[in-house]
Amino acid sequence: MSRIAKRFEKLKAENRAALVTFITAGDPDRATSQALLDGMPAAGADIIELGMPFTDPMADGPVIELAAGRALKAGGSLRQTLEMVAAFRKTDAETPVILMGYYNPVYAWGPEKFAADAARAGVDGLIIVDLPPEEADELVPHLRAAGIDFIVLTTPTSDDSRLPVVLANASGFVYYVSIAGITGTASAAQSAVDEAVARIRRHTGLPVCVGFGIKTPAQAAEIARIADGAVVGSAIVSVLAANIGKPGAVSAPLALVKDLAEGVRGARK
Amino acid sequence: MQSLNTYRAGPDERGHFGIFGGRYVAETLMPLILQVEQAYGAAKADPAFQAEFRSLLAQYVGRPNPLYFARRLTEAFGGAKVFLKREDLNHTGAHKINNCIGQILLARRMGKQRIIAETGAGQHGVATATVCALFGMQCVIYMGATDIERQMPNVYRMKLLGAEVKPVTAGAATLKDAMNDALRDWVSNVADTYYLIGTVAGPHPYPAMVRDFQSVIGDEVRGQIMAQEGRLPDSLVACIGGGSNAMGLFHPFLDDKSVRIIGVEAAGHGLDKLHAASLTGGKPGVLHGNRTYLLQDADGQIAEAHSISAGLDYPGIGPEHSWLHEAGRVEYVSVTDDEAVAAFQQCTRLEGIIPALESSHAIAHAAKIAPKLPKDHLMVVNLSGRGDKDVSTIAKALGDEHLGGLV
């Protein structure tokens, strides 16, 4: 059983949702980013998304765009991202790590070789923002062969006719992008999220995690009541950005993760 | 590579030209992209749509524009007979308006009220703002801060036309960055917004659709050269950023094997320095919705392009050009900033026509090859736009003394 499946099984037994946290690999530098990554499980992250830095993050808002820019400026790359995962795996064998980013660096690496190299580093899943099902055939079979889950994104624009097309490739879990927009901006109305999650569940038995616009422990708790996971990215990266070069660069973002985890863990009590 | 029976059949039903093209966009946009494809398919087959498009090109844009025999440039080059296709004489001063007319009619058909666009040199921004004024639609233009500075006259024009111009400061603050922000806007406003892409790039169906709307250029040239010279041209030359003016000129001639076709990319400071020649200096990758040749590093990070011409300052190229490059049907060459500036001056002084810096790249290449060609060789150069917008850039490039201290 994959790390992702095991993790959701464990959470189901605990009757709670996952806290899924996002940071950009190498932001603001390799050492800080590695310390943050390594500290995530103890702070309460159940699943970690690691952003693969890219020069042109078209689906991201300014917070993640700036994070990618900092990472690249400090020497960040896809190679370094995989090295960070491999180093993390020396400290943690159970927490799923999902890489998230854009297709071009993966394409430049070579889809087949990338799948094998990522699996070897200890990567469990991959989210490629700009690879819709219409173009995914050249990557997904290689991921499957390597045992890496292809995590699909569904959005408010994915209607009942579109959902089966998107979900055909899905494994691991389904990521519901709760707003039609970019990361770190608006938040969705809870009623709209409830309805969308229920609709996705009619099409798949996979766990459903919800992201985009979740900033506070209270918001994470709201999501955790109905979904299998709450994804928080820009809020954590913002705290990191505000503490770069200060003593709190690692501890302040982890403190937010701890608060978010408490929110998620208390949600169904 | 073996030659094909036709080079005009692409793309396939999934929007691919060989391995190029496609639809690499966020899932949020996919249903809308599929709707655009469907709506364009219906419009293309609708005689009423085509009639309205043709009528606006004639009555509003001022088509057909001349295929002008450039006698003095021909004499100066001393070889091939050079004709200029006068897209600069279109309303708004460039070929961009052809595509904007087509797409605004499509947006209206789709019931969209708000139009967004990216612009580099500002010609596409001006053309978009113009058709939005004409049809009473809200218009938002994304433009890099660097380009705003070097194309100020066009920024004022857009504002006068009622558009909101949003400066983009990320990256090198040029066309690529403007396109990123336009895509961010679109993903955030899918319900009411239509993205009016200005070149033969982006997700399918844009490369094919923009090509179709721009093909009026090549279709006219075919009729005009037959009327003036009684035969097809021997060569076609056009500049390429994304490549819409070139594709518009080239596409109707792709299956005429006797016609040599040449696309001119921007070599900026030189191919060993900063430039924007994606085919010469790049490799296949995925950006802005399509797979195409891109300037990038080994990690797949997109490189900053450079060209003195804002309209060519882009690290990619339309996917059909990438395919034609690999198929060997079109030759792709490049011209430096300095060569383009020299051609700009030559055309201005000899013909009394101030060409856009973009189009000056095509003229510069004509200047290189025309002298070696026979006098009965018919060469058509696409004068894709006028150069009024570039006078301050030229003044800066030539220095104060050159203009007698007028700057």
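Residues numbered from 1 in each chain as written. Chains lettered and ligands numbered in written order. Predicted model: local features only at pLDDT ≥ 70, side-chain atom pairs only at ≥ 80, totals over all residues. Heavy atoms only, no water.

### Side note on the domain arrangement of chain B
Residues and elements named next belong to chain B.
Link 1 in the chain: When its domains are assigned, chain B resolves into domain 1 (16–58 + 96–205) and domain 2 (64–93 + 215–398).
Link 2 in the chain: Each of domain 1 and domain 2 has a C-alpha centre, and the two are 22 Å apart.
Link 3 in the chain: Summed over both sides, the interface between domain 1 and domain 2 buries roughly 3200 Å², with carbon and sulfur atoms accounting for 58% of that surface.
Link 4 in the chain: On the domain 1 side of the interface with domain 2, the three residues burying the most area are Phe 20, Arg 150 and Lys 176, jointly 22% of the side's total. (Domains from an automatic or database assignment. Buried area = accessible area lost by both parts, 1.4 Å probe.)

### A word on the sheet that holds strand S6 (residues 138–144) of chain B
All names here are of chain B.
Link 1 in the chain: Taken together, the four strands give an open sheet; going across it, the order is S7-S6-S5-S8, and neighbouring strands pair in parallel fashion. Each edge of the open sheet is held by one strand with a lone partner, namely strand S7 (164–168) and strand S8 (193–195). On average, adjacent strands in this sheet sit at an angle of 25 degrees to one another, irrespective of strand direction.
Link 2 in the chain: As judged from the five bridges shared by S6 and S7, these two strands associate in the parallel manner. Note that in S7 the partner of Tyr 142 across the bridge is Lys 166.
Link 3 in the chain: Each of strand S5 (114–119) and S6 touches helix H5 (residues 123–135); the most contacted strand, S5, lies at about 165 degrees to it.
Link 4 in the chain: Running over the sheet, helix H8 (residues 175–188) touches S5, S6, S7 and S8 and is turned about 160 degrees from S5. (Pairing = 2+ DSSP bridges. Helix = DSSP H or I, 4+ residues; strand = E, 2+ residues; numbered from the N terminus. Axes fitted to C-alpha atoms, helices over the stretch in contact; angles between N-to-C directions. Contact = heavy atoms within 4.5 Å.)

### A few points about the UniProt feature "modified residue: N6-(pyridoxal phosphate)lysine" (unreviewed entry) in chain B
All names here are of chain B.
Link 1 in the chain: Under the UniProt annotation, "modified residue: N6-(pyridoxal phosphate)lysine" (unreviewed entry) lies at Lys 96.
Link 2 in the chain: Residue placement: Lys 96 occurs in helix H4 (residues 96–109).
Link 3 in the chain: Given a relative accessible area of 16%, Lys 96 falls into the buried group. (UniProt positions renumbered as here; feature names shortened; annotations may be inferred. Buried < 20%, exposed > 50% of the residue type's maximum accessible area, 1.4 Å probe, protein only.)

### Observations regarding the pattern of salt bridges
Link 1 in the chain: Summed over the entire model, instances satisfying the criterion amount to 45 salt bridges over all chains.
Link 2 in the chain: In this structure, Glu 37 of chain B engages Arg 23 of chain B in a salt bridge whose closest nitrogen and oxygen atoms are separated by 2.8 Å. In this pair, Glu 37 of chain B is assigned in helix H1 (residues 30–44) and Arg 23 of chain B in strand S2 (residues 20–24), connecting sequence segments 14 residues apart.
Link 3 in the chain: Assessed through its relative accessible area of 23%, Glu 37 of chain B is described here as partly exposed.
Link 4 in the chain: As a salt-bridge pair, Asp 388 of chain B and Arg 386 of chain B come within 3.6 Å of each other at their nearest N and O atoms.
Link 5 in the chain: Residue classification places Asp 388 of chain B among the partly exposed positions, given a relative accessible area of 45%.
Link 6 in the chain: For Arg 386 of chain B, a relative accessible area of 32% puts it in the partly exposed group.
Link 7 in the chain: Overlapping salt bridges, with partners in common, bring together Lys 10, Glu 14, Arg 16, Asp 46 and Arg 265 of chain A in one network. (Salt bridge = Lys/Arg side-chain N within 4 Å of Asp/Glu carboxyl O.)

### Here's the deal with the UniProt feature "domain: Tryptophan synthase beta chain-like PALP" (unreviewed entry) in chain B
Link 1 in the chain: The sites that carry the UniProt feature "domain: Tryptophan synthase beta chain-like PALP" (unreviewed entry) are, in the present numbering, residues 62–385 of chain B.
Link 2 in the chain: Across residues 62–385 of chain B, helical content stands at 41% and strand content at 21%; the span's end C-alpha atoms are separated by 14 Å.

### So, empty space enclosed by the protein
All names here are of chain B.
Link 1 in the chain: Tallying each qualifying case throughout the model produces three cavities of 30 Å³ or more.
Link 2 in the chain: Within this model, the largest cavity holds a volume of roughly 340 Å³.
Link 3 in the chain: Every residue lining the largest cavity is counted, 30 residues in all, and those nearest its centre are His 95, Lys 96, Gly 311, Leu 312 and Glu 358.
Link 4 in the chain: Elements with a minimum of two residues in the lining of the largest cavity: S5, H5, H8, helix H11 (244–250) and helix H15 (357–369).
Link 5 in the chain: Of the residues belonging to the lining of the largest cavity, the class tally is nine nonpolar, 17 polar and four charged.
Link 6 in the chain: When residues are assigned to domains, the lining of the largest cavity turns out to be shared by domain 1 (16–58 + 96–205) and domain 2 (64–93 + 215–398), each giving three or more. (1 Å grid on protein atoms, 1.4 Å probe; cavity = no way out; pocket = protein on both sides within 12 Å on 5 of 7 lines; lining within 4 Å. Points joined across faces, edges and corners; volume = space filled by probe spheres on them. Nonpolar A, V, L, I, M, F, W, Y, C, P; charged D, E, K, R; others polar.)

### Quick word on the environment of His 16 of chain B
Link 1 in the chain: Relative to the helices and strands, His 16 of chain B resides in strand S1 (residues 16–17).
Link 2 in the chain: Overall, His 16 of chain B belongs to the buried group, its relative accessible area being 11%.
Link 3 in the chain: As a C-alpha pair, His 16 of chain B and Pro 203 of chain B span 187 residues in sequence and 9.9 Å in three-dimensional space.
Link 4 in the chain: Discounting residues that sit within four places of it in the chain, His 16 of chain B has contacts with Glu 135 of chain A together with Pro 11, Gly 21 and Gly 22 of chain B.

### Here's the deal with the UniProt feature "active site" (unreviewed entry) in chain A
Link 1 in the chain: The UniProt feature table records "active site" (unreviewed entry) at Glu 49 and Asp 60 of chain A. Taking the annotated residues in turn, Glu 49 and Asp 60 of chain A line the largest pocket.
Link 2 in the chain: Topologically, Glu 49 of chain A is positioned in strand S2 (residues 47–51).
Link 3 in the chain: Every residue in contact with Glu 49 of chain A, bar those within four places of it in the chain, is listed here: Val 20, Thr 21, Phe 22, Ile 23, Ile 98, Met 100, Ile 127, Tyr 175 and Val 231 of chain A.
Link 4 in the chain: For Asp 60 of chain A, the position within the fold is in the loop between S2 and helix H3 (62–73).
Link 5 in the chain: The class for Asp 60 of chain A is buried, based on a relative accessible area of 10%.
Link 6 in the chain: Those residues in contact with Asp 60 of chain A that sit more than four places away from it in its chain are Glu 65, Tyr 102, Ile 182 and Thr 183 of chain A together with Arg 184 of chain B.
Link 7 in the chain: At 2.8 Å, the side chain of Asp 60 of chain A forms a polar contact with the side chain of Thr 183 of chain A. (Polar contact = N/O pair within 3.5 Å; in protein donor to acceptor, adjacent residues only side chain to side chain.)

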